[in-house]
Amino acid sequence: MVGTALVGKSAIYVYRAVKSGSAVSGAAKVGSYYKGGFEKVMTRREAALILGIRESSEEPKILAAHRKMMFNNHPDNGGSTFLATKVNEAKEMLVSNKQ
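Note that the structure is predicted; figures quoted are calculated from it, not measured.

Conventions and cut-offs
- Residue positions are counted from 1 within each chain, in the order its sequence is given.
- A pLDDT threshold of at least 70 governs which residues receive local features in this predicted model, and a stricter bar of 80 or more applies before side-chain atom pairs are shown or counted, although totals over entire chains, interfaces and linings include all residues.
- Excluding hydrogens and water, the side-chain figures rest on all heavy atoms present in the structure.
- The criterion is simple. A nonpolar core is a set of buried Ala, Val, Leu, Ile, Met, Phe, Trp, Tyr and Cys residues joined through side-chain atoms within 4.5 Å.
- The rule is simple: take the accessible area with a 1.4 Å probe, protein chains only, and divide by the maximum for that residue type; under 20% is buried, over 50% is exposed, in between is partly exposed.
- Note on conventions: DSSP H or I runs of at least 4 residues are helices, E runs of at least 2 residues are strands, and numbering of each starts at the N terminus.
- Note on definitions: a residue-residue contact is assigned when non-hydrogen atoms from the two residues lie within 4.5 Å.
- The term salt bridge refers to a pairing of a side-chain nitrogen on Lys or Arg with a carboxyl oxygen on Asp or Glu at a separation within 4 Å.
- Residue count minus one, scaled by 1.5 Å, sets the expected span of a helix.
- Here the arc refers to the set of directions running from the helix axis out to each C-beta atom.

Trainee: So what exactly am I meant to see when it comes to the nonpolar core here?
Mentor: The tendency in soluble globular proteins is for nonpolar side chains to be buried as a group. With 13 residues, the main nonpolar core has L51, I53, I62, A90 and L94 as its most contacted residues. At the level of secondary structure, the elements contributing two or more residues to this core comprise α2 (44-51), α3 (59-73) and α4 (81-98). Per-element accounting of this core gives the leading share, five residues, to α4. With near-sequence residues (within four places) excluded, I53 lies in contact with A48, K61, I62, A65 and L94.

In structure tokens, the structure reads:
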């Protein structure tokens with residue numbers, strides 16, 4: 001009985017460490033993201049960081065990343081209108097510069 005409780009407690013400890021990212025280091029952290037603010041005039045670099053893709057990504061990948069970000073941040077789903085605007089602006093910048 002004590003052994004089962006100990007295993008369960010250890011599993012919870014490991015789960016919390018992995019979820020918070022303290023169990024791994026560097027870029028492999030769970031939930032790592034760009035923690036900077038927005039620039040006054042959006043650049044291609046910032047647009048790529050917002051969508052979580054490379055600046056040189058092809059249009060289908062840009063649109064897929066945009067769709068995913070909008071699903072998570074759309075105002076109808078409780079997201080912020082400011083963030084939704086930035087996500088749309090990032091998509092427009094990356095797609096328009098590809099043409």
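Trainee: I'm lost on the side chain of S57 in this one. Help?
Mentor: Assignment of secondary structure puts S57 in the loop between α2 and α3. S57 sits in the buried class, given a relative accessible area of 8%.

Trainee: How do you make sense of the environment of L94 when you look at a structure like this?
Mentor: Structurally, the position occupied by L94 is in helix α4. L94 sits in the buried class, given a relative accessible area of 0%. Distance in space between the C-alpha atoms of L94 and S57 is 8.6 Å, their sequence separation being 37 residues. Contact partners of L94, with chain neighbours within four places excluded, come to R44, A47, A48, L51, I53, E55 and I62.

Trainee: Help me out: how do you make sense of α2 in this one?
Mentor: Side chains of residues three or four places apart in an α-helix project in the same direction, reflecting 3.6 residues per turn. Among all positions of α2, only E46, A47, A48, I50 and L51 are buried. One or two residues past the end of α2 sits G52, with phi positive at roughly 75 degrees.

Trainee: Mind showing me how you'd approach the environment of A64 here?
Mentor: Secondary-structure assignment places A64 in helix α3. Placed 13 residues apart in sequence, A64 and L51 show a C-alpha to C-alpha distance of 9.4 Å.

Trainee: Help me understand the pattern of salt bridges, please; the structure alone is not making it clear to me.
Mentor: Side-chain pairs of opposite charge can arise where the charged atoms are in close proximity. Here the structure, examined in full by the defined rule, presents one salt bridge. Residue E89 pairs with K86 through a salt bridge whose shortest N-O separation is 3.8 Å. You can see E89 and its partner K86 sitting in helix α4, three residues apart, about one turn around the helix. Classification of E89 as partly exposed rests on a relative accessible area of 32%. Since its relative accessible area comes to 10%, K86 is described here as buried.

Trainee: Honestly, α3 in this entry has me stumped. Any pointers?
Mentor: Taking 1.5 Å per residue, 15 residues should reach 21 Å; α3 reaches 21 Å between its end C-alpha atoms and fits that length. Those residues of α3 that fall on the buried side of the exposure criterion are I62, A65, H66, M70 and N73. Across the axial projection of α3, the buried residues extend over an arc of 130 degrees, all falling on one side. Pointing more than 90 degrees away from the buried face of α3 are the exposed residues P60, K61, R67, K68 and F71.

Purely geometric stuff here, so don't read any function into it on its own.
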